[in-house]
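Here are the chains, one letter per residue:
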Amino acid sequence: MTKIITKYVCQSCGYVSPRWVGKCPNCNEWNTFVEEASSPLKVSRKPSGVASKIEPVSMEELESEDVPRVTTNIDEFDRVLGGGLVPGSLILLGGDPGIGKSTLMMQVALQLKDQVVLYVTGEESVRQIKLRGERLQAKNARNILLLAETNLDLILDVIERGTPDLIIVDSIQTMYRPGLESAPGSVSQVRESTALLLRLAKTRAIPIFVIGHVTKEGVIAGPRVIEHMVDTVLQFEGEAHYAYRILRALKNRFGSTNEIGIFEMHEIGLREVKNPSEAFLSERRYGTSGSTVVASIEGTRPILIEVQALVTSTSYGVPQRNTTGFDYRRLSLLLAVLEKRVGMHLGNYDVFVNIAGGVKIDEPAVDLGIATSIASSLRDVPVDSSAVAVGEIGLGGEIRTIGNIEKRVQEAAKLGFKRIVIPENNMKGIKPNGEIQIIGVDRVEKAMEALLS
Ligand code: TYD
Ligand code: MG
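Residues numbered from 1 in each chain as written. Chains lettered and ligands numbered in written order. Predicted model: local features only at pLDDT ≥ 70, side-chain atom pairs only at ≥ 80, totals over all residues. Heavy atoms only, no water.

Turning our eyes to something else, we now look at the overall build of the protein. Scanning the protein from terminus to terminus reveals 10 helices and 21 strands. If you line up the protein on its principal axes, its C-alpha atoms span 80 × 55 × 55 Å. Relative to its full complement of 453 residues, the protein shows a buried share of 49%. For the protein, the share of sequence-separated contacts (at least 6 apart) that also reach a separation of at least 24 residues comes to 66%. Of the roughly 23,200 Å² of accessible surface on the protein, a fraction of 51% belongs to carbon and sulfur atoms. The protein carries 52 positive and 55 negative side-chain charges, and their two centres are separated by 3 Å. (Helix = DSSP H or I, 4+ residues; strand = E, 2+ residues; numbered from the N terminus. Buried < 20%, exposed > 50% of the residue type's maximum accessible area, 1.4 Å probe, protein only. Contact = heavy atoms within 4.5 Å. Areas by Shrake-Rupley, 256 points an atom, 1.4 Å probe, with all protein chains shown as cover. Lys, Arg positive; Asp, Glu negative; His and termini not counted. Charge placed at Lys NZ, Arg CZ, Asp CG, Glu CD.)

Near ligand 1, the surroundings consist of 16 residues, among which Lys101, Ser102, Thr103, His266 and Gly269 are the closest. A distance of 3.0 Å separates an oxygen atom of ligand 1 from a polar backbone atom of Gly100. Across the complex, the protein chains shield 76% of the 550 Å² of accessible surface that ligand 1 would expose by itself. Residue assignment for the shell around ligand 1 shows that the elements contributing at least two residues are α2 (101-111), α3 (126-135) and β11 (260-266). Top contributing element to the shell around ligand 1 by residue count: α2, with three residues. (Near = heavy atom within 4 Å. Polar contact = N/O pair within 3.5 Å; in protein donor to acceptor, adjacent residues only side chain to side chain.)

Turning our attention to the domain arrangement of the protein. Assigned domains within the protein: domain 1 (1-41), domain 2 (69-274) and domain 3 (278-451). Of note, the centres of domain 1 and domain 2, computed from C-alpha atoms alone, are 30 Å apart. Counting residues at the interface gives nine residues for domain 1 and 10 residues for domain 2. At the junction of domain 1 with domain 2, the criterion picks out two residue pairs in polar contact (both at pLDDT 80 or more). When the residues that make up the side of domain 1 that touches domain 2 are grouped by side-chain class, the tally is four nonpolar, two polar and three charged. (Domains from an automatic or database assignment. Nonpolar A, V, L, I, M, F, W, Y, C, P; charged D, E, K, R; others polar.)

Moving on to the pairing of strand β5 (residues 117-121). Burial analysis of β5 places five of its five residues in the buried class, the great majority of the element. Burial along β5 is two-sided: the face carrying Val117, Tyr119 and Thr121 and the face carrying Leu118 and Val120 are both buried. Summarising the sheet, β5 and strand β6 (residues 144-148) pair through five bridges and their orientation is parallel. Bridge assignment links Tyr119 to a residue of β6, and that residue is Leu146. As for the winding sense of the linkage, the β-α-β connection from β5 through α3 to β6 is right-handed. Bridging between β5 and strand β7 (residues 166-170) involves five bridges; their strand directions are parallel. (Pairing = 2+ DSSP bridges. Right-handed = clockwise from strand over helix to strand, strands pointing away.)

Packing of helix α4 (residues 152-161) against helix α5 (residues 187-204) brings their axes to within 11 Å, and their N-to-C directions diverge by 10°. In terms of their interaxial angle, α4 and α5 are classed as roughly parallel. Where α4 abuts α5, its residues Leu152, Asp153, Leu156, Ile159 and Glu160 lie against Ser193, Leu196, Leu197, Leu200 and Arg204. (Axes fitted to C-alpha atoms, helices over the stretch in contact; angles between N-to-C directions. Parallel < 35°, antiparallel > 145°, perpendicular 65-115°, else oblique.)

Moving on, we get to the packing of aromatic side chains. Evaluated as defined, the whole model comprises four aromatic pairs. Summarising the aromatic geometry, the rings of Phe77 and Phe209 are spaced 5.9 Å apart at their centres and angled 45° between planes, so their arrangement reads as tilted. Of this pair, Phe77 sits in helix α1 (residues 75-81) while Phe209 sits in strand β8 (residues 208-213), and the two are 132 residues apart along the sequence. This pair shows no difference in class: Phe77 is buried, exactly as Phe209 is. For the pair Phe236 and Phe263, a centre-to-centre distance of 6.1 Å together with 75° between the ring planes defines the contact as edge-to-face. Pair noted here: Phe236 is in strand β9 (residues 232-237) and Phe263 is in strand β11, with a separation of 27 residues, a long-range link. Phe236 gets classed as buried once you look at its relative accessible area, which sits at 2%. Residue class for Phe263 comes out buried when judged on its relative accessible area of 2%. (Phe/Tyr/Trp six-rings, centres within 6.5 Å; stacked < 30°, edge-to-face > 60°.)

Its place among the elements puts Leu234 in strand β9. Linking Leu234 and Leu92, residues 142 residues apart in sequence, is a C-alpha distance of 6.0 Å. The residues touching Leu234, leaving out its near neighbours within four places in the chain, are Phe77, Val80, Leu81, Ile91, Leu92, Leu93, Gly94, Leu247, Arg248 and Ala249.

The next subject is the sheet that holds strand β2 (residues 16-17). Sheet architecture is open: three strands sit in the order β2-β1-β3, paired in antiparallel fashion. Both edges of this open sheet fall to β2 and β3 (33-37), since each of them pairs with a single strand only. Here strand β1 (residues 6-10) runs beside β3; their pairing, made up of five bridges, is antiparallel. Note that in β3 the partner of Lys7 across the bridge is Glu36.

This is how it looks when you write it as structure tokens:
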């Protein structure tokens, strides 16, 4: 085994030191030194006169080719990848512990029946993986090879001997290279391991999935440090107590980062949610105050979601403001606008806002729905249950233009809603839709008039 020579590099200024130091002698920053492997290759310039074989190519002459893709047979997953797996791509799948990363990867492996999948596990034993497979009711898992190992050099050995079509590494934080002194999970180990896997993916044209736990500023290096090295960064998110899971592409060299995939966690694994709007509205109660349906754009798809508010008088002390799935500061801003521009006095009330289904929305187009729910709960008057509301609220109480209006209107019409309240300025470009009445509003008060009868 060859020992890897390491150096310590200041992450702030790049100063190199042979051993660890607390304070950088160059930029005077503290605790910035991280162990890195010295490159084993000596870069030397060729003696002049010897012609090099490498040549640049003309961009004009380069033929464009379609990237061949392997479909995983899971539509929601393929969509997020940009249409399937690209050979030789290195993909990072990040997410909180327990969200379902291993389950998702196992389901992908099970779907790729005619491909040899090597599942490297550093977290669980092969028995545990087998148990998960059984829970997923895997019938034919002959294509999956399990390897419980964390020493990457040994893993590479196994890969050299076999020819897997796909490799899954669960998780990158447990992998280590024996030549490096630092512990598995440290920045240098995570980075070195990823670099090795990257070379493997590119030279052998094998797609590799790397699972990484996202920790909140913990001791273990988060997968953030390798985001720039990989081709695609996927994030699996959701609230632990809810069944819905959303897969997002945060970075994708082979597709758009706008697409999301929606899944639901069941007893027997993840199930694709083909009709998100229907799913998210399925538990809606009619006739209760404080609930508005909004049309949000998630990725490139419109999704109808119920936003709820509860406004109650403060029994003691400072009024509470609480949000689930919505930005807390945005709520404060909306409350200030309602107070100042609409004359709604909320100073002695607790306000709770919840996006149903455990989904997170950070799109300003839901502002109007939130404001309407708050007003509805305060007055205890239900919002018209056959209506959808969309619009961003400005500091002056004006309703501002939003994007993708056609898609939102169509989705609301598709699900049988009778009316949709949209920003006045969005009315210009829009074609009348026979199925749904479109109402343009320019101020919050007007929207309230239309929605709260
Ligand atoms: P897991 O894939 O192990 O999460 P991660 O790899 O992201 O840490 O799954 C975590 C949770 O999912 C666990 O609490 C059990 C639950 N689960 C189900 O509800 N149904 C299933 O079929 C499986 C396999 C797991
Ligand atoms: Mg796991």
